[in-house]
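Listed below are the residues making up each chain.
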Amino acid sequence: MNIGWQFDNTYANLSDAFKEKIKPTPVNNPELIIFNKSLASELNLDFSKIDKKELSKIFSGNVLPNGSNSIAQAYAGHQFGHFTMLGDGRAVLIGEHKTKANKKYDIQFKGSGKTAFSRNGDGRAALGPMLREYIISEAMNGLNIPTTRSLAVVKTGENIQRETALQGAILTRVASSHIRVGTFQYIAARKKKDELKTLLDFTINRHYPEIKDSNNQALDLLNLLIDRQCNLVVNWMRVGFIHGVMNTDNMTISGETIDYGPCAFMDTYDPKTVFSSIDQTGRYAYCNQPVITKWNLARFAECLVPLINKDQEKAIKIATEKINSFEKKYEEKWINMMRDKLGLFGLDDKDKFLILDLLTWMHEKKADYTNTFCHLMNLNPKKDGLYSDKDFINWKERWEDRSSKNNATSKKSMELMRKNNPLFIPRNHKVEEALEAAEQNDLKPFNKILEILKKPYDEQIGTDGYQSPSISDEKYQTFCGT
Ligand code: AMP
Ligand code: MG
């Protein structure tokens, strides 16, 4: 059966410093739970002639496709600020697939058994968290935010032991690569300049061919990553996404969002929002995400120092200057993003105050972040008394006054708002509802939320409850690595 795999496994050909050659550990009784047909077709893969049983074998790794050369990748990372040797402890890259348009994607199984990097872990993953990654990553894609994707989830037919016994599962993750800031940290820590240069060349070849001939590739790569990560975090802020575990191993060099562990979307606007059960100090709170992005980029810059300039002092000075350009860049991109959310064209000195005053009002009144912008677009499903508040009405008058100075029609302004303000985000209570049902073999709510989140900017019918924040007062909590 020709599925259309076109493997060109370049990472597997790097020296053993970079990876361990290893196959997924076969599982007992794999059963396909969800398969992403439209992603398969984007990848020019055709599974339509393959029955479910065979698909289960493929996406569990029990049967590997021809041309696969599976490896676990080595990497390190700062976890909550502490440097640790990590690596794919429960994942294998089965190969790099090339589409007809010559775009390359890593195909990776997550939860596929122990590797040399497993430390004390069992190499496995539970069904709930893998389905959660599937929903949120596909939602991010629907929101037009760079992200790894999810091609399939299978149940392994084996239980895994966490606090209780849980159903085991494997997720097939698709990424434009899995090179992380932590990959550079791992190689840099080995202090072999030739290995570092190999990783730099690999990265540029894969992601940034435009700087192949530059005079200072390392510095240009740093610059490009500052830009990409800045764009990424601005996008997260736009939709109220909280990654939850922005360790340097969870920051890609491609600029894609990766590692959907304790992430969640904010309902009520509060800059200090944290969902992750282990983030006691709020290191990865909503408002800290830009600060941490810069911190992680500084760790990346440190790795590149030996390649930036032979004179270490000079190299550090140059890299520091670049890193310090982050704030200004972020501030500018953030304010433009907020202008877009408010449908504002052009620049006005007072825009920043207009924006901050709205956010302060939302915070004080515990307004829903997403729905406040829906309200401004006249698309809030709930007639909310909150927006009759005097302060809000005053603010709205200022906004309308500013909008009237737009050098564009109100139609254009609305179009801009519609492109930047989702009507639908993965509401925590709806995600939980879908996961609970899926764990009991009912995939209806799971498929429904996926369908809605494919088009988060569009009005849709039959979506009652999908725009509402949770009514429970209980704080929503998320968990890592389960
Ligand atoms: P994460 O929190 O998913 O970023 O994972 C951090 C590190 O822990 C990575 O090196 C993972 O591969 C590893 N890890 C997480 N869960 C497991 C597990 N069950 N078995 C082995 N390694 C794991
Ligand atoms: Mg990770």
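All of these numbers come straight from a predicted model, not from anything done at the bench.

Caption draft 1: Structural context of the overall build of the chain. Counting secondary structure elements, the chain contains 15 helices and 12 strands. For a compact globule of 482 residues, the expected C-alpha radius of gyration is about 23 Å, and the chain comes in at 23 Å, within 12% of that figure. Along the longest, intermediate and shortest principal axes, the C-alpha atoms of the chain span 65 × 60 × 45 Å. In the chain, the proportion of contacts linking residues at least 24 apart, taken out of those at least 6 apart, comes to 72%. With the model as given, the accessible surface of the chain reaches about 21,600 Å², and the carbon-plus-sulfur share is 49%.

Caption draft 2: Examining the side chain of Arg90 more closely. Here Arg90 lies in the loop between strand E5 (82-85) and strand E6 (91-98). Notably, Arg90 is buried but unbridged: the nearest opposite-charge side chain belongs to Asp259, and the N-O separation is 6.1 Å. In this structure the side chain of Arg90 is engaged in a polar contact, spanning 3.3 Å, whose partner is the backbone oxygen of Arg124.

Caption draft 3: Broad picture of the site of ligand 1. Neighbouring residues of ligand 1: 17 residues in total, closest Gly87, Gly89, Asp122, Gly123 and Asp259. At 3.1 Å, a side-chain N or O of Arg119 approaches an oxygen atom of ligand 1. Viewed by domain, the shell around ligand 1 spans two of them, domain 1 (11-177) and domain 2 (179-423 + 467-482), each represented by three or more residues.

Caption draft 4: View of the packing of helix H3 (residues 127-142) against helix H14 (residues 428-439). In contact at an axis separation of 10 Å, H3 and H14 are set at 135 degrees when each is read in the N-to-C sense. As the angle between them shows, H3 and H14 are arranged oblique. Where H3 crosses over H14, the handedness of that crossing is right-handed. Of the residues in H14, those in contact with Leu127, Gly128, Leu131, Arg132, Ile135 and Ile136 of H3 are Val431, Glu432, Ala434, Leu435, Ala438 and Glu439. Broken down by class, the residue content of the contact of H3 with H14 amounts to eight nonpolar, one polar and three charged.

Caption draft 5: A look at the domain arrangement of the chain. Domain boundaries assigned for the chain yield domain 1 (11-177) and domain 2 (179-423 + 467-482). The distance between the C-alpha centroids of domain 1 and domain 2 comes to 26 Å. Opposite the 42 residues of domain 1 that make contact, domain 2 presents 47 residues. Both sides of the domain 1 and domain 2 interface together cover about 3,700 Å² of buried area, and 59% of this is carbon and sulfur. Counting the surface domain 1 buries against domain 2, the share from its top three residues, His78, Phe80 and Ser177, is 19%. Summed over the shared surface of domain 1 and domain 2, the result is 18 residue pairs in polar contact (both at pLDDT 80 or more). Those elements that place two or more of their residues in the side of domain 1 that touches domain 2 are strand E4 (76-79), E5, strand E7 (104-110), strand E8 (125-126), H3 and strand E10 (165-175).

Caption draft 6: Summary view of empty space enclosed by the protein. A complete count under the given rule lists two cavities of 30 Å³ or more for this structure. The calculated volume of the largest cavity comes to roughly 80 Å³. Forming the walls of the largest cavity are 14 residues, and the residues nearest its centre are Gln229, Trp236, Met246, Asn250 and Met251. Those elements giving two or more residues to the lining of the largest cavity turn out to be helix H6 (217-239) and helix H7 (289-308). A per-element tally of the lining of the largest cavity places H6 first, with four residues.

Caption draft 7: Molecular detail of the pattern of salt bridges. Under the definition given, this model contains 34 salt bridges. A salt bridge links Lys382 to Asp384, with the nearest nitrogen and oxygen atoms 4.0 Å apart. Its relative accessible area of 28% is what places Asp384 among the partly exposed residues. When salt bridges that share partners are traced, they join Asp8, Glu96, Lys98, Lys104, Asp106 and Arg206 into one network.

Cut-offs applied
Residues numbered from 1 in each chain as written. Chains lettered and ligands numbered in written order. Predicted model: local features only at pLDDT ≥ 70, side-chain atom pairs only at ≥ 80, totals over all residues. Heavy atoms only, no water. Helix = DSSP H or I, 4+ residues; strand = E, 2+ residues; numbered from the N terminus. Rg over C-alpha atoms; globule rule 2.2 N^0.38 Å. Contact = heavy atoms within 4.5 Å. Areas by Shrake-Rupley, 256 points an atom, 1.4 Å probe, with all protein chains shown as cover. Buried < 20%, exposed > 50% of the residue type's maximum accessible area, 1.4 Å probe, protein only. Lys, Arg positive; Asp, Glu negative; His and termini not counted. Salt bridge = Lys/Arg side-chain N within 4 Å of Asp/Glu carboxyl O. Polar contact = N/O pair within 3.5 Å; in protein donor to acceptor, adjacent residues only side chain to side chain. Near = heavy atom within 4 Å. Domains from an automatic or database assignment. Axes fitted to C-alpha atoms, helices over the stretch in contact; angles between N-to-C directions. Parallel < 35°, antiparallel > 145°, perpendicular 65-115°, else oblique. Left-handed = near helix turned anticlockwise from the far one by under 90°. Nonpolar A, V, L, I, M, F, W, Y, C, P; charged D, E, K, R; others polar. Buried area = accessible area lost by both parts, 1.4 Å probe. 1 Å grid on protein atoms, 1.4 Å probe; cavity = no way out; pocket = protein on both sides within 12 Å on 5 of 7 lines; lining within 4 Å. Points joined across faces, edges and corners; volume = space filled by probe spheres on them.

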